[in-house]
Amino acid sequence: MLMPKRTKYRKMQRGRMCGAESRGVEVQFGDYGLQVLEPCWITSRQIEAARKAMVRSVRRGGKMWIRVFPDKPVTKKAAETRMGSGKGNPEFWVAVVKTGRVMFEMSGVAQKDAHHALELAAQKLPVKCRVIERHAGGAAK
C-alpha cells in the first residue's frame, strides 16, 4: 500500500474538501484518464484495489499512472474509550481528492480496453467518476 516514508508530524487536522480542483484536471501522461466528480478521501487500500483491477483487466499491457498519493494520516481512538485523553493514533492514510481531479491514466491499449479497465477501477472507488480522453492537440496550451 501507498504511504509516505516519513512525515514531519504524526497527526494532521481534518481540513475541508469543498471547492473544485484547479490542478491535475487534464490527462497529462497517458491517452485516457479517470476523473473524479465528487470530493472525498480516497484511502491507500482503495487506490491499490483500483490499480489491481486495471492491471488485471488489460492483462499487464500498456502503461499506467497513479496521479494521487495518500499523504494524510487519519487517526482513530480505540474502541470503548472514554471522551478526552487526547487524539487517537494514525490508523490509515488518505489522499484528499476534489472535484475534477484525474486519479489514473492509461496508454498503450485500445480505447475499448482502456474504457473497460477504467470503469472497473471506478467501481472500486467511493465516488462518482468518468472516463476522459486526451485532447487531440495534446495537453500543451
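Please refer to the structure placed before this passage.
Before going into details, it helps to say that this report is about the structure given with it. (Residues numbered from 1 in each chain as written. Predicted model: local features only at pLDDT ≥ 70, side-chain atom pairs only at ≥ 80, totals over all residues. Heavy atoms only, no water.)

**Focus: the nonpolar core**
Membership of the largest hydrophobic core comes to 23 residues, with the highest contact counts inside it found for Ile 42, Met 103, Phe 104, Met 106 and Leu 125. Broken down by secondary-structure element, the contributors of at least two residues to this core are β1 (32-36), β2 (40-43), α1 (44-57), β5 (89-97), β6 (102-107) and α2 (111-123). Tallying contributions element by element places α2 first for this core, with five residues. (Core = buried A, V, L, I, M, F, W, Y, C linked by side-chain atoms within 4.5 Å. Buried < 20%, exposed > 50% of the residue type's maximum accessible area, 1.4 Å probe, protein only. Helix = DSSP H or I, 4+ residues; strand = E, 2+ residues; numbered from the N terminus.)

**A word on α2**
For α2, built from 13 residues, the straight-helix expectation of 18 Å at 1.5 Å per residue is met to within 8% by its first-to-last C-alpha distance of 19 Å. Where α2 is concerned, the buried positions are Ala 114, Ala 117, Leu 118, Ala 121 and Ala 122. Projection of α2 onto a plane perpendicular to its axis shows the buried side chains occupying an angular sector of 145°, all on one side. Of the exposed residues in α2, those oriented more than 90 degrees away from the buried face are Lys 112 and Gln 123. For α2, the elements touching its buried residues are β1, α1, β6 and β7 (129-133). (Expected span 1.5 Å × (residues − 1). Arc of directions from axis to C-beta. Contact = heavy atoms within 4.5 Å.)

**What about the sheet that holds β2?**
The strand order β2-β5-β4 describes an open sheet built from three strands, whose pairing is antiparallel. A strand with exactly one partner marks an edge of an open sheet, and here the two such strands are β2 and β4 (72-76). The average undirected angle you get between the axes of adjacent strands in this sheet is 50°. Bridge count for β4 against β5 is five bridges, and the pairing is antiparallel. Paired with Thr 75 across the strands is Pro 90, a residue of β5. This element, α1, spans β2 and β5 of the sheet and lies at about 70° to β2. (Pairing = 2+ DSSP bridges. Axes fitted to C-alpha atoms, helices over the stretch in contact; angles between N-to-C directions.)

**Topic: the side chain of Ser 57**
With respect to the element layout, Ser 57 can be found in helix α1. Classification of Ser 57 as buried rests on a relative accessible area of 19%. Each residue touching Ser 57, except ones within four places of it in the same chain, is listed here: His 116, Ala 117 and Leu 120.

**Looking at α1**
Counted at 1.5 Å a residue, the expected span for α1 with its 14 residues is 20 Å, and the 20 Å between its end C-alpha atoms agrees. What α1 keeps buried is the set Ser 44, Ile 47, Ala 50, Ala 53, Met 54 and Ser 57. Next to the buried residues of α1 lie β2, β3 (63-66), β5, β6 and α2.

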